[in-house]
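# Remarks on the overall topology
Residues per chain are reported as follows:
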Amino acid sequence: MPKEKFTILESTCVPLPLENVDTDQIIPARFLSATSREGFGDNLFRDWRYTKSGEKNSDFVLNNSRFEGKVLVAGKNFGSGSSREHAVWAIFDYGFRAVVSSFFADIFMNNSLNNGLLPIVIPADLLSNLQDLIRKDPGSKVHIDLANQTFTIVPTGESVAFSINPYKKECMLGGLDDIDFLLAIKDQIISYEENKKRV
Amino acid sequence: MATEKNHTNLEAKTLYDKIWDSHVVRSIAGGPDVLYIDRHYIHEVTSPQAFNGLKERGISVFRPGNTLATADHNIPTRDQHLPIRDELSRNQVTRLSENCSKYGIELFGLNHSKNGIVHVIGPELGFTLPGMTIVCGDSHTSTHGAFGTIAFGIGTSEVEMVLAAQCIIQPKSKKMRISINGLPGKGVTSKDIIMYVISEITTGGATGYFVEFSGQAIRSLSMEARMTICNMSIEMGARGGVIAPDETTFNYLRKIPSIRGIDDIEAAIDKWKTLSTDEGAKFDRELVFEASDINPMITYGTNPGMGMSVDEAIPMAEKNSSEASPSFLKSLNYMGFKPGMSLLGHPVDYVFIGSCTNGRIEDFRAFAGIIKGRKKSDNVTALIVPGSKLVEEQMAAEGLIEIYTAAGFEVRQPGCSSCLAMNEDKIPQGKYAVSTSNRNFEGRQGPGSRTMLASPLTAAAAAITGRISDPREFL
Ligand code: SF4
């Protein structure tokens, strides 16, 4: 799928300071029966967002109108567990374009990069300062510059460089995806297959 | 206790390097590698969007013969011959059949005589072979590493990539070796070994690494038990786990009636014998554990790293910290437990034996060993779910089904079942389940369910007593 281009994002944030949030929490398995990629945002963090009887749980951050924005500020080890890409679709479909944490699970990181959701790793102390700041002043913005790989907390001016695989960076900046790339090198793949058979 | 060591020999290669390097089609400058994929498994839940993607691009499946499909995640475990009642599940299973027939992919679907959980049937059918690269849109693809393969879970976008071009774009992982010295004691299974390692290094302890398991304890394990180890390597954050093939592996493969693409199994085995880590090859990290430190394990929290010996008390805080964090307390609170509490004797409502972690014939034999001549506790509901039709057949052939029935258990039909509870096999709100699966996340086995992961032996002891019990007392 051609993806949205990601260049610069300046936005307020939604804080979710829990550690080890796994993909079963992000999108519970019972919502995986769909056969398209759209609409998962409605069930993002379903079991935290709604009570058993289906009412909105007012304690949960997504139901708190003080917090909104395109950046999810998560806790350590975000996205662990199941490889379901539906977790990333749900976060993206809800409207987030970047997730910040001090540590991401591997598959989640890959899935995010493949779907135009930018995972940004920042130092743990900066992450906890940012969580505090957002809770005190929900209007606080962050500024993400993908080309220059910088993440800035606007009110304090604190800025850090984040890393991203150069290939994935090109893809995100250009809104391209991996399949476009693979289809373009099909001859090489075929010659690999032929050589392998001869060995 | 873990000890770390370090040694280097620049020419020597690890097993992971050998397999990876021989599958690189092209390296992208400063970026990942284009990795050729030998075997691709698909199932009903993570494939439909990938097939949609192909359709939107107007392309076909590049190498349909390298992909094998099964229906497992979202199927009922009773009355499989009847139409699936849940409309969404039925739709997914139907879509899988349609996509497979449209693109010429071999399907071991519902009611096929060799249907089963993807990570159980792949090895059974000889589709998983040493030295291969294997992927599937399911994180427990790491299971296949037990055969000396690089096997790992991928997302749906990557499923589409493999269908489109038989390759994925991946950076190489760092390398870790985990050695388990000595032999485990009575009642200690491979499930306990891996749960112990995860509890020692935490669920993020191997993130970014591909792990090779070695040492006497690993070498002594059967293929089934090795699959359990590699299966759960993902639960410590690893990209995957691998065990070098040896005579145990080769004997397992020799017993498979026919293997696609292999005419002379002995010639193939001669080639596979080179698949091991060279002496002195460098790992980015090495950990060594002693099998004698390991006891039957159980989890008390909501991630697989929150595990302890079944006879221990729940710790006061997470590893390496003196004070319990809010996440730690939230987790115990969900479980209805308190720091310092002992779990022995705690009532159990459900027992689940099955999944790609412990749904193989050996697991059902182990469970049968304890329940034979005993009765299921009245307060326990048991879900006994073979990992595949072949496992079910073997259970019948060995007389295990009679043992289960005599003890008051009902044996279900194969599938993922309660492992992720997409079907009707849900653990109700607030109920306690001892489960042989791999994940104890909040709500994993149904909204509000409370999962305690354990081996088939510990599950059997719980099924008979209705309480958390030490399986060593029943052996
Ligand atoms: S049994 Fe569980 S872990 Fe294994 S493939 Fe099925 S859902 Fe995934």
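Residues numbered from 1 in each chain as written. Chains lettered and ligands numbered in written order. Predicted model: local features only at pLDDT ≥ 70, side-chain atom pairs only at ≥ 80, totals over all residues. Heavy atoms only, no water.

### Here's the deal with the nonpolar core
Residue and element names in this part refer to chain B. Filter applied, for reference: Throughout this description, the term nonpolar core refers to a set of buried Ala, Val, Leu, Ile, Met, Phe, Trp, Tyr and Cys residues connected via side-chain atoms within 4.5 Å. Residue burial is assigned from relative accessible area. The probe radius is 1.4 Å, only protein chains are included, and a residue is buried under 20% of its type maximum, exposed over 50%, and partly exposed in between. The way it works is that DSSP assigns letters per residue, a run of H or I at least four long becomes a helix, a run of E at least two long becomes a strand, and they are numbered from the N terminus. The contact definition used throughout considers only heavy atoms, calling two residues in contact when any of these lie within 4.5 Å.
Within the largest apolar cluster, 105 residues are counted, with the highest numbers of intra-cluster contacts made by Ile105, Ile178, Ile180, Phe213 and Met236. Among the elements that make up this core, the one with the highest residue count is helix α6 (residues 190–201) (7 residues). Ignoring any residue separated from it by four or fewer positions in sequence, one finds Ile180 in contact with Ile193, Val197, Ser214, Gly215, Gln216, Ala217, Ile218, Phe289, Ala291 and Ile294.

### Here's the deal with the pattern of salt bridges
Any two side chains of opposite charge can pair, so long as their charged atoms come close to each other. Selection criterion: Salt bridges are defined as contacts in which a side-chain nitrogen from Lys or Arg sits within 4 Å of a carboxyl oxygen from Asp or Glu.
According to the stated counting rule, one finds 34 salt bridges over all chains in the structure shown. Here Arg57 of chain B ties to Asp177 of chain A by a salt bridge, and the two come within 2.6 Å at their closest N and O atoms. Taken as a pair, Arg57 of chain B in helix α2 (residues 48–57) and Asp177 of chain A in the loop between α6 (166–174) and α7 (178–184) lie in two separate chains rather than in one. For Arg57 of chain B, a relative accessible area of 22% puts it in the partly exposed group. The exposure class of Asp177 of chain A is buried, given its relative accessible area of 9%. Asp17 of chain B is paired through a salt bridge with Lys172 of chain B; the nearest N and O atoms lie 2.9 Å apart. Here Lys172 of chain B lies in the loop between β9 (167–170) and β10 (174–181) and Asp17 of chain B lies in helix α1 (residues 15–21), a separation of 155 residues in the sequence. A relative accessible area of 34% means that Lys172 of chain B is categorised as partly exposed.

### Side note on the confidence of the model for chain B
For clarity, the cut-off: Per residue, pLDDT captures the predictor's confidence, and it can take any value from 0 to 100.
Averaged over all residues, the pLDDT of chain B equals 95, while 98% of them reach at least 70. Of the two predicted TM-score estimates for the complex, the pTM is 0.88 and the ipTM is 0.89.

### Examining the sheet that holds strand β4 (residues 39–43) of chain B
Residues and elements named next belong to chain B. Heads up, the rule is: Strand pairing follows a simple DSSP-based rule, namely that at least 2 bridges must link the two strands. Inter-axis angles, ranging from 0 to 180 degrees, are taken between N-to-C directions of lines fitted to C-alpha atoms, where helices are fitted over the stretch in contact.
Reading across from one edge, β6-β5-β4-β7-β8 is the order of the 5 strands in this open sheet, with parallel pairing throughout. Strands at the two margins of the open sheet, each flanked by one partner only, are β6 (106–108) and β8 (150–153). Ignoring strand direction, the axes of neighbouring strands in this sheet form an average angle of 20 degrees. Bridging between strand β7 (residues 133–136) and β8 involves 4 bridges; their strand directions are parallel. The residue of β8 that forms the bridge with Thr133 is Ile150.

### Some words on the interface of chain A and chain B
How we decide: Defined here as a combined quantity, buried area equals the accessible surface (1.4 Å probe) lost by two parts on assembly, summed across both. Polar contacts, as counted here, are pairs of nitrogen or oxygen atoms within 3.5 Å of one another; within protein the pair requires one atom able to donate a hydrogen and one able to accept it, and residues that are adjacent in sequence qualify only if both atoms are side-chain atoms. Residues are grouped as follows: nonpolar covers Ala, Val, Leu, Ile, Met, Phe, Trp, Tyr, Cys and Pro; charged covers Asp, Glu, Lys and Arg; every other residue, Gly included, is treated as polar.
With 52 residues of chain A at the interface, the matching set in chain B holds 63 residues. Together, the buried faces of chain A and chain B total about 4800 Å²; carbon and sulfur atoms form 56% of this surface. Here chain A is connected to chain B by 6 salt bridges. Linking chain A with chain B are 21 residue pairs in polar contact (both at pLDDT 80 or more), by the criterion used here. Every element with two or more residues in the side of chain A that touches chain B is listed here: α1 (23–26), α3 (86–94), α4 (106–114), α6, α7 and α8 (186–198) of chain A. Here the side of chain A that touches chain B gets 7 residues from one element, more than from any other, and that element is α8 of chain A. Its residues assigned to classes, the side of chain A that touches chain B shows 21 nonpolar, 16 polar and 15 charged.

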